[in-house]
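Coordinate inspection notes
Residue strings, one per chain:
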Amino acid sequence: DSKYLSDSVAIVTGASSGIGEATAEALATEGASVVLAARRVDELEALADRITTEGGDALVVETDVTEEDDIDTLVETTIDEYGQIDVLVNNAGVMLLEPLERADRSNLRQMVEVNLIGLMNLTHAVVPIMQQQDGGHVVNVSSVAGRETMTNGSGYNATKFGVTAFTDAIRQELSPQDIRTTVIEPGAVDTELPTHITDEQLLEQLSEVDMPTLAPEDIARGIVYATNQPEHVDVNELMIRPTGQT
Ligand code: NDP
């Protein structure tokens, strides 16, 4: 069967909004049982209700990816419920853009802890299970900012370049064990992501920029494309920009 996702189990981090929410819904539509992980449980419950109403299957696990105990609980709860993990979508992320001269050190730390350490720790927890199963698929959401630097993006760029590098390095270890890896590199997507920027001056500057954006569903389709391939096909990298973004 070339449809890998039917009857699979997929964990999606950052499923409470934006790309993660759209991805969880799209994977569920393809027949995956989806495990919804993020901090905002009300949003996760609402999404789980929508998925089950549409005939899908979802499990909510409150997770802060910066907490190692939460990561272990997420993996244990998934295994208790389903006994397997076929797909891990590491999507949780924060983008606290600011010029370095005004940068808040706690913002720099938060980006590293969520975007990079959380992603690495959860991958570290899930990979042994995929090895036992003789297969699985790790999808890491990086960014165009993981391939190209941008002004005011130093901390964010550092984490996303890290995600891209981490994903390609683990590919070399895991591909011989039939574990696939994909790095997703979205351009501008219309989500809550920029609303968390704390630098007032930059927020004002950004509000004046009119640029094309994708919808979260556009990225979700890319993730479904990568994960629903026959088992001998390993889609390693997808960069998806809105038409018109340079
Ligand atoms: P959103 O802000 O809508 O989503 C971010 C998600 O990350 C939320 O579900 C949030 O959930 C979760 N999250 C944040 N901190 C934590 C944490 N400590 N533990 C667990 N979950 C956390 O933005 P997007 O959908 O745009 O972002 C998703 C990914 O896409 C990010 O990695 C982002 O860097 C990447 N991306 C986005 C682009 C864009 O233009 N929007 C472009 C390129 C990449 P909660 O707050 O409930 O914990």
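Look up a bit, the structure's there.
About the thresholds
Residues numbered from 1 in each chain as written. Predicted model: local features only at pLDDT ≥ 70, side-chain atom pairs only at ≥ 80, totals over all residues. Helix = DSSP H or I, 4+ residues; strand = E, 2+ residues; numbered from the N terminus. Rg over C-alpha atoms; globule rule 2.2 N^0.38 Å. Buried ≥ 20, exposed ≤ 12 C-beta atoms within 10 Å, placed from the backbone. Contact = placed C-beta atoms within 7 Å. Near = placed C-beta within 6 Å. Nonpolar A, V, L, I, M, F, W, Y, C, P; charged D, E, K, R; others polar. Pairing = 2+ DSSP bridges. Axes fitted to C-alpha atoms, helices over the stretch in contact; angles between N-to-C directions.

Re the overall build of the protein
- Along its length, the protein carries seven helices and seven strands.
- Its helices and strands in sequence order give the protein the pattern β-α-β-α-β-α-β-α-β-α-β-α-α-β, from N to C terminus.
- Taken over the C-alpha trace, the protein has a radius of gyration of 17 Å; the compact-globule value for 246 residues is 18 Å, and the two agree within 12%.
- In the protein, which comprises 246 residues, the proportion classed as buried is 43%.
- A sequence separation of at least 24 residues applies to 74% of the contacts in the protein between residues at least 6 apart.

Thoughts on the site of the ligand
- In the vicinity of the ligand there are 29 residues, among which Gly14, Gly18, Arg39, Arg40 and Gly93 approach most closely.
- A breakdown of the residues in the shell around the ligand according to their chemical character gives 13 nonpolar, twelve polar and four charged.

Some details on the sheet that holds strand S5 (residues 136-141)
- With respect to topology, seven strands assemble into an open sheet ordered S3-S2-S1-S4-S5-S6-S7, the strand pairing being parallel. Lying at the two open borders of the sheet, with one neighbouring strand each, are strand S3 (57-62) and strand S7 (237-240). Within this sheet the neighbouring strands show an average axis-to-axis angle of 15 degrees, counted without direction.
- The pairing of strand S6 (residues 179-186) with S7 spans four bridges and is classified as parallel. When the bridges of S7 are listed, glutamate 185 appears paired with methionine 239.

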